[in-house]
Amino acid sequence: MTKNLIVITGASSGFGAEMAKLFNNQGYPMLLLARRTERIKALPLDFTNVRVAGADVTNQEELRTAISAAEAEFGPVDLLVNNAGVMLLGNVTTQDSSQWQQMLNVNVMGVLNGIQVVLPGMIEREHGTIINISSLAGKKTFVNHAAYVASKFGVHGLSETIREEVSGHNVRIAMVAPGAAETELLVHTTDKQAVTDYNGWKQTMGGITLNPRHVAEAVNFIYSMPQSVNVREIDIAATRQDS
């Protein structure tokens, strides 16, 4: 049975890398996108039906070019996972506003860019799924997360709005909202106190947060359901996470 094309942004590490491994094991053709393509190429994958491309999700033309090339080889995109994201923690009174803009550009505009590239084709075919990786910070607040929370509340809002708009076309828009996880998201935070506070909170969970593999499994579960069924949102976190 021929399987349809899956596109994953931010596929070089964390959730995206785990999704790539899971869907690769299931035999799906994939387009894996990231700025650090060498990290994708180092993943333990069978690259026979995998295309790797460097793309910045804030640049819609880069996305469109990479996706069009993959579609020419594998057929139309049936699943887009908007996974690329950035988390820069800091107190709003002192954080550099350029970091706010970076999070809004990647976390919100990057998602919208990906959606606009693939959605018209899905509507025309009346088939397709878009899964946006949000965060529990898209549902509730966290200290030192003000701009990140704003960006993820945006992901929740745009996802539900577009889901309503395209539901009549049999296209699924869904979200997975992870809590704290063992990813590289924190490494780009420059506010040392915010990092200290985060790591202190992590210790209340026994020092280990959510394994990214389980987020990939949640994405796979949503996609594996019949097209007539939309699991609209999965919130997933370590059991010991209190918030």
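Just so it is clear, the model here is predicted, and its values are computed rather than measured.

Chemist: Help me understand the pairing of strand S1 (residues 5–9) in this model?
Modeler: Each regular strand displays side chains that alternate between the two surfaces of the sheet. With five of five residues buried, S1 lies mostly within the body of the structure. Neither face of S1 is left uncovered, since the one carrying Leu5, Val7 and Thr9 and the one carrying Ile6 and Ile8 both have all their residues buried. Here S1 pairs with strand S4 (residues 77–82) via four bridges, running parallel. Residue pairing in the sheet places Ile6 in a bridge with Leu79 of S4. Sheet topology note: the S1/strand S2 (residues 30–34) ladder contains four bridges and is parallel. Bridged to Ile6 within S2 is Met30. A crossover connection joins S1 to the parallel S2 through helix H1 (residues 14–25); in handedness this β-α-β unit is right-handed.

Chemist: How do you make sense of the nonpolar core when you look at a structure like this?
Modeler: Nonpolar side chains in soluble globular proteins tend to end up buried together. The biggest cluster of nonpolar side chains holds 45 residues, and the ones touching the most others in it are Val7, Leu31, Leu33, Val77, Val118 and Ile130. Where this core is concerned, the elements lending two or more residues are S1, S2, helix H3 (60–74), S4, helix H4 (97–125), helix H5 (146–166) and strand S6 (172–178). Ile130 has contacts with Leu80, Asn82, Ile115, Val118, Leu119, Met122, Arg172, Ile173 and Ala174, leaving out every residue within four places of it along the chain. Listed in part, the 34 residues of the second largest apolar core include Ile8, Met30, Val176 and Val219.

Chemist: I'm lost on the pattern of salt bridges in this one. Help?
Modeler: Side chains that differ in charge, positive against negative, can pair when their charged atoms come close. Summed over all chains, the structure comprises seven salt bridges. Of the charged contacts, one joins Lys21 and Glu18 as a salt bridge, the two residues approaching to 2.9 Å between their closest N and O atoms. With Lys21 and Glu18 both in helix H1 and three residues apart, the pair spans about one turn of that helix. With its nearest N and O atoms 3.4 Å apart, the salt bridge here joins Glu233 to Lys139. One end of the pair, Glu233, is in strand S7 (residues 233–236); the other, Lys139, is in the loop between strand S5 (129–133) and H5, with 94 residues separating them in the sequence. When its relative accessible area of 29% is taken as the criterion, Glu233 is described as partly exposed. Where salt bridges share partners, they join Lys139, Glu233 and Asp235 into one cluster.

Chemist: Just checking my understanding: could you explain unusual backbone geometry for this structure?
Modeler: Peptide bonds are, in most cases, trans, and in most cases residues other than glycine have a negative phi. One non-glycine residue with positive phi stands out, namely Asn144, at about 70°. Locating Asn144 in the fold gives a position in the loop between S5 and H5. Overall, Asn144 belongs to the buried group, its relative accessible area being 16%. You will see that Asn170, though not glycine, has its phi angle at about 65°, which is positive. Looking at the secondary structure, you find Asn170 in the loop between H5 and S6.

Chemist: How should the packing of H4 against H5 be read in this particular structure?
Modeler: When two helices pack together, you describe them by how their axes are tilted relative to each other and by the distance separating the axes. Where H4 contacts H5, the two axes come as close as 8 Å, and the packing angle between them is 15°. Here H4 lies roughly parallel to H5, going by the angle between them. Note on packing geometry: the crossing formed by H4 with H5 is right-handed. Taking contact as the criterion, the partners of Trp100, Met103, Leu104, Asn107, Val108, Val111, Leu112, Ile115, Leu119 and Ile123 in H4 are, on H5, Ala147, Tyr148, Ser151, Lys152, Val155, Leu158, Ile162 and Val166.

Chemist: Would you take a moment to explain H4 for this structure?
Modeler: Helix length check: H4 (29 residues) gives 42 Å between terminal C-alpha atoms against 42 Å at 1.5 Å per residue, within 8%. Along H4, the largest kink reaches about 40° and is centred on Val118; proline Pro120 follows within four residues of it. Near the N-terminus of H4, the side chain that reaches the backbone nitrogen of Ser98, with its oxygen 2.9 Å away, is that of Asp96. Backbone geometry just after H4 places Glu126 at a positive phi near 55°.

Conventions adopted
- Residues numbered from 1 in each chain as written.
- Predicted model: local features only at pLDDT ≥ 70, side-chain atom pairs only at ≥ 80, totals over all residues.
- Heavy atoms only, no water.
- Buried < 20%, exposed > 50% of the residue type's maximum accessible area, 1.4 Å probe, protein only.
- Helix = DSSP H or I, 4+ residues; strand = E, 2+ residues; numbered from the N terminus.
- Pairing = 2+ DSSP bridges.
- Right-handed = clockwise from strand over helix to strand, strands pointing away.
- Core = buried A, V, L, I, M, F, W, Y, C linked by side-chain atoms within 4.5 Å.
- Contact = heavy atoms within 4.5 Å.
- Salt bridge = Lys/Arg side-chain N within 4 Å of Asp/Glu carboxyl O.
- Axes fitted to C-alpha atoms, helices over the stretch in contact; angles between N-to-C directions.
- Parallel < 35°, antiparallel > 145°, perpendicular 65-115°, else oblique.
- Left-handed = near helix turned anticlockwise from the far one by under 90°.
- Expected span 1.5 Å × (residues − 1).
- Bend = angle between axes of the 7 residues up to and from the residue.
- Polar contact = N/O pair within 3.5 Å; in protein donor to acceptor, adjacent residues only side chain to side chain.

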